[in-house]
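# Working through the structure, step by step
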Amino acid sequence: MILAVDIGNTNIKFGIYEKCFIKLIRLATDSTRTAVQYAADISSVFSFEKIDVSKITGAVISSVVPALTGRICDAVKAVTGALPLILGIHIKTGLNIKIHSPSSLGADLIAGAVGAKAKYTAPCIIFDLGTANTVSVVNKNGDFIGGAIMAGVNISLSALTDKTAQLPPVSVDFPIGVIGKNTHDSMISGAVFGTAGAIDGFCERIEAELGTSAACIATGGISRFILPYCRRKIIYDEYLALDGLIEIYRLNKA
């Protein structure tokens, strides 16, 4: 079995693969926790899920939280005995990155783009809806050519609460309708329909810039609240980055 680990700003995802995807486990991202504490968490959760760690022969990690990368690497090695491959500039990805500074591209975006390239027909537009909302574009040749970054839904809602005197704290939810009848519903409408409209708009504008239609894929935990309200057909792929990590692992271990 191979373990794919995606360290994000909010959650750490652990994907267990054998011939195909088997299990997804999540832990909260907490930069104050030590490698020993994370090792204990991983061991406990894997035991609860009845995953035999002795069968894990390899691991691969992507991270957007540098402070945790080494600790999670140490924790995974302690629990499984496998020294993880860490996605970075010296790792083969099979992805031609055509931006001004390829080394600055986030590991999560690389993993998602590799996953999209492997699973869908290029060109692809990839939306990762999480702490931040990112847009990645893979052209018809399979090259990563750039994208966009927006504030995530929860960040936007928190900013409204923090920067205004009369708007209350709210959590993202399914909207009752576009036209809110109270402050809470109006904020939810703005967050959800605003993001859905942005996704539709990005699809239209990126396709115009590419000069062709593209497969549109979304991943990330907030997607389930947003995609039902998009007018475009958006494919939801929960395991896109983890699948991309497995592709990268196989490429480097071949």
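Keep in mind it's a predicted model, so treat the numbers as computed, not measured. (Residues numbered from 1 in each chain as written. Predicted model: local features only at pLDDT ≥ 70, side-chain atom pairs only at ≥ 80, totals over all residues. Heavy atoms only, no water.)

## Things to note about helix 5 (residues 183–210)
Compared with the 40 Å implied by 1.5 Å per residue over 28 residues, the 40 Å span of helix 5 between its first and last C-alpha is a close match. Gly211 lies just past helix 5 and shows a positive phi near 80 degrees. (Helix = DSSP H or I, 4+ residues; strand = E, 2+ residues; numbered from the N terminus. Expected span 1.5 Å × (residues − 1).)

## Focus on the packing of helix 4 (residues 153–163) against helix 5
Here helix 4 crosses helix 5 at 145 degrees, and the two axes come no closer than 10 Å. For the pair helix 4 and helix 5, the crossing hand works out as right-handed. Between helix 4 and helix 5, the residues in contact are Val153, Leu157, Leu160 and Thr161 and Met187, Ala191 and Thr195, respectively. (Axes fitted to C-alpha atoms, helices over the stretch in contact; angles between N-to-C directions. Left-handed = near helix turned anticlockwise from the far one by under 90°. Contact = heavy atoms within 4.5 Å.)

## Notes on the pattern of salt bridges
As enumerated under the stated definition, the model contains seven salt bridges in all. A salt bridge links Glu49 to Lys23; the nearest nitrogen and oxygen atoms lie 3.0 Å apart. A residue pair is termed long-range when its members are at least 10 positions apart, and Glu49 in the loop between helix 1 (35–48) and strand 4 (58–63) and Lys23 in strand 3 (residues 21–28) qualify at 26 residues. Linking Arg232 and Glu207 is a salt bridge whose minimum nitrogen-to-oxygen distance equals 2.8 Å. With a gap of 25 residues between them, Arg232 in the loop between helix 6 (223–226) and strand 11 (235–236) and Glu207 in helix 5 connect regions that are remote in the sequence. Arg232 gets classed as partly exposed once you look at its relative accessible area, which sits at 28%. (Salt bridge = Lys/Arg side-chain N within 4 Å of Asp/Glu carboxyl O. Buried < 20%, exposed > 50% of the residue type's maximum accessible area, 1.4 Å probe, protein only.)

## What to know about the sheet that holds strand 8 (residues 132–138)
Within the open sheet, the six strands sit side by side as 6-9-8-7-10-11. Their pairing is mixed. Across the chains shown, the open sheet's two edge strands, defined by having one partner strand only, are strand 6 (96–97) and strand 11. Sheet analysis places strand 7 (residues 124–129) next to strand 8, joined by six bridges and oriented antiparallel. Within the sheet, the bridge partner assigned to Cys124 lies in strand 8 and is Val138. Most of the contacts of helix 3 (residues 107–119) go to strand 7, to which it runs at about 135 degrees, and overall it touches strand 6, strand 7, strand 8, strand 9 (143–151) and strand 10 (215–219). (Pairing = 2+ DSSP bridges.)

## As for the environment of Gly152
Mapping Gly152 onto the fold places it in the loop between strand 9 and helix 4. A residue is classified by how much of its surface remains accessible, and Gly152, at 0% relative accessible area, is buried. Separated by 28 residues in the primary sequence, Gly152 and Cys124 place their C-alpha atoms 21 Å from one another. In this structure Gly152 touches Gly130, Thr131, Ala132 and Asn133, once residues within four positions along its chain are discounted.

## With respect to the sheet that holds strand 2 (residues 11–17)
Reading across the sheet, the five strands line up as 3-2-1-4-5 and stay open at both edges, with mixed pairing between neighbours. The open sheet terminates on both sides in strands that have one partner only, identified here as strand 3 and strand 5 (85–86). In this sheet, strand 2 lies alongside strand 1 (residues 2–7) in antiparallel orientation, the contact comprising six bridges. Following the sheet pairing, Ala4 is matched in strand 2 by Gly15. Helix 1 rests against strand 1, strand 2 and strand 3 of the sheet, and its axis sits at about 140 degrees to strand 3.

## Here we look at the side chain of Ser62
The residue Ser62 is located in strand 4 in this model. Judged by its relative accessible area of 0%, Ser62 falls in the buried class. Within polar-contact distance, the side chain of Ser62 engages the side chain of Asp6 at 3.1 Å. Those residues in contact with Ser62 that lie beyond four places of it in its chain are Val5, Asp6, Ile7, Leu87, Ala107 and Leu245. (Polar contact = N/O pair within 3.5 Å; in protein donor to acceptor, adjacent residues only side chain to side chain.)

## Quick look at helix 4
Here helix 4 has its buried residues at Val153, Leu157 and Thr161. Buried residues of helix 4, viewed axially, fall in a sector of 70 degrees; they line one side. Exposed side of helix 4, more than 90 degrees from the buried face: Asp162 and Lys163 are the residues found there. (Arc of directions from axis to C-beta.)

## A closer look at the side chain of Lys13
Checked against the element boundaries, Lys13 lands in strand 2. As a buried residue without a salt bridge, Lys13 has its nearest oppositely charged side chain in Asp6, at a separation of 4.7 Å. In this view, Lys13 contacts Ala4, Val5, Asp6, Leu24, Ile25, Arg26, Glu238 and Leu242; residues no more than four positions away in its chain are not counted. (Lys, Arg positive; Asp, Glu negative; His and termini not counted.)

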